[in-house]
Amino acid sequence: MAIKPTSIPPFPQAEYMLVLSPDETLQERIGRVRQTISEKTGIRNPGGKVNITLARWQAWDMMEERLTQRLRVLAMEQYPFQVQLEDFKGFPSHTTYIQVPTREPILRLVAGIRKNKRLMRSEEADPYFISEPHLALNRGLTPAQYESAMQVLGPKHFHASFVADAMLLLKRRVGAQAYQILGRFAFEHLAVTARQASLFA
């Protein structure tokens, strides 16, 4: 009788997201904007914290430690910078967001993250890197919901800023609902070449 080969289960796979997160005071202010949209349109308030997505990808758990080390070194070299938020816009017809005029420091940071692309690949999809920085208010809207939300936001103005002094690495299992914070990488603006040996030891 032929012996069937043993099936080796794959490494667990997860979804990851790298973000810039505004401070708590600004989170509350943006939460009130979301609540206004919900009250005036009936669109469900998504709740939770708002972030500026830098990158999003799927990967095997076995790649996590190596990638985390790379991101920590990248953050150590990065200087803190100010992020401006100004007025509302949308991606027709599914997402409303706050505009981010200060694009250059964010895109430079994303360029550094992109250098680790080979550690962020899976069989299902290539990693996504932001090319138009924005802070989403509502996603996954129907065209009718989108029009309703933009009617509420259209006449309004919004101006705020926060200092990006770290990036957060979020993780969730494929199919799960909520992301969990896996790591916080502070921007220290250090020359880390001399420290890499101890970091990777």
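Per-chain numbering applies: the sequence of each chain, read as written, is numbered from 1 onward. Two thresholds apply to this predicted model, a pLDDT of at least 70 for residue-level local features and 80 or more for giving and counting side-chain atom pairs, whereas whole-chain, interface and lining totals are computed over all residues. Side-chain figures throughout are based on the complete set of non-hydrogen atoms in the structure, without hydrogens or water.

**So, the overall build of the protein**
Inference 1: Strands here mean DSSP runs of E at least two residues long; helices mean DSSP runs of H or I at least four residues long; both are numbered from the N terminus. The secondary structure content of the protein amounts to five helices and nine strands.
Inference 2: From first element to last, N terminus to C terminus, the protein shows the α and β order β-α-β-α-β-β-α-β-β-α-β-β-β-α.
Inference 3: Exposure classes here rest on a 1.4 Å probe applied to the protein chains alone. A residue is buried below 20% of its type maximum, exposed above 50%, and partly exposed in between. Burial status across the protein gives 42% buried among its 201 residues.
Inference 4: Contacts: residue pairs with any heavy atoms within 4.5 Å of one another. For the protein, contacts bridging at least 24 residues in sequence account for 77% of all contacts bridging at least 6.

**Quick word on the pattern of salt bridges**
Inference 1: For this analysis, a salt bridge means a side-chain nitrogen from Lys or Arg found within 4 Å of a carboxyl oxygen belonging to Asp or Glu. Applying the stated criterion across every chain yields a total of seven salt bridges.
Inference 2: Among the salt bridges present, the one from arginine 173 reaches aspartate 61, with a minimum N-O distance of 2.8 Å. Taken as a pair, arginine 173 in strand β8 (residues 166–173) and aspartate 61 in the loop between β2 (52–60) and α2 (64–77) lie far apart in primary sequence, 112 residues in all.
Inference 3: Between glutamate 132 and arginine 103 there is a salt bridge; the shortest N-O distance is 3.6 Å. Pair noted here: glutamate 132 is in the loop between β5 (128–129) and β6 (134–138) and arginine 103 is in the loop between β4 (95–99) and α3 (104–114), with a separation of 29 residues, a long-range link.

**Observations regarding the packing of aromatic side chains**
Inference 1: In summary, the pairing rule links any two rings of Phe, Tyr or Trp, Trp by its six-membered ring, whose centres are within 6.5 Å, and it sorts them by plane angle into stacked for under 30 degrees, edge-to-face for over 60 and tilted for everything else. Tallied over the full model, the rule gives four aromatic pairs.
Inference 2: On the basis of an interplanar angle of 15° and a centroid distance of 6.1 Å, the ring pair of phenylalanine 81 and phenylalanine 187 is categorised as stacked. With phenylalanine 81 in strand β3 (residues 81–91) and phenylalanine 187 in the loop between β9 (180–186) and α5 (196–199), this residue pair connects regions lying 106 residues apart in the sequence. Phenylalanine 187 matches phenylalanine 81 in its accessibility class, with the two residues each being buried.
Inference 3: Judged by centre distance (5.8 Å) and plane angle (55°), the ring pair of phenylalanine 88 and phenylalanine 158 falls under tilted. You can see phenylalanine 88 sitting in strand β3 and its partner phenylalanine 158 sitting in the loop between α4 (143–153) and β7 (159–164), a full 70 residues away along the chain.

**Brief notes about the sheet that holds strand β1 (residues 13–20)**
Inference 1: In short, DSSP must find at least two bridges between two strands for them to pair. Ordered by their spatial adjacency, five strands build an open sheet running β5-β2-β1-β8-β9, and the pairing between neighbours is antiparallel. Looking along the sheet, the strands with just one partner apiece sit at the ends: β5 and β9.
Inference 2: One ladder, built from two bridges, connects β2 with β5; its direction is antiparallel. Following the sheet pairing, arginine 56 is matched in β5 by tyrosine 128.
Inference 3: Axes, fitted as lines to C-alpha atoms, cover a helix only where it is in contact. Angles between the N-to-C directions of the axes lie from 0 to 180 degrees. Taken strand by strand, α2 contacts β1, β2, β8 and β9, and its axis lies near 35° from that of β9.
Inference 4: Contacts between α3 and the sheet are confined to β1, β2, β5 and β8, with β2 contributing the most and set at about 10° to the helix.

**So, the sheet that holds β3**
Inference 1: Read from one edge of the open sheet, four strands run β6-β4-β3-β7, paired in antiparallel fashion. One side of each edge strand has no neighbouring strand; the edge strands of this open sheet are β6 and β7. Between one strand axis and the next, the sheet turns by 40° as a mean value, whatever way the strands run.
Inference 2: Sheet topology places β3 next to β4; five bridges connect them, and they run antiparallel. Residue pairing in the sheet places phenylalanine 91 in a bridge with threonine 95 of β4.

**Some details on helix α1 (residues 24–41)**
Note on helix geometry: an α-helix contains 3.6 residues per turn, so any two residues three or four positions apart are oriented the same way.
Inference 1: Compared with the 26 Å implied by 1.5 Å per residue over 18 residues, the 26 Å span of α1 between its first and last C-alpha is a close match.
Inference 2: Residues of α1 that are buried: Leu26, Gln27, Ile30, Val33, Arg34, Ile37 and Ser38. Buried residues in α1, looked at end-on, bunch into an arc of 140°, giving them a common side. Turned more than 90 degrees away from the buried face of α1 sit Thr25, Glu28, Arg32, Glu39 and Lys40, all of them exposed.
Inference 3: At its buried positions, α1 is contacted by β3, β4, β6, α4 and β7. Here the expected length of a helix is defined as 1.5 Å per residue gap, with one fewer gap than residues. Directions are taken from the helix axis to each C-beta atom, and the arc is the one they span.

**Some points on the environment of valine 73**
Inference 1: With respect to the element layout, valine 73 can be found in helix α2.
Inference 2: On the accessibility criterion, valine 73 (7% relative accessible area) is buried.
Inference 3: Residues valine 73 and alanine 186, spaced 113 residues apart in sequence, show a C-alpha to C-alpha distance of 9.7 Å.

That is the geometry; function is a separate question.
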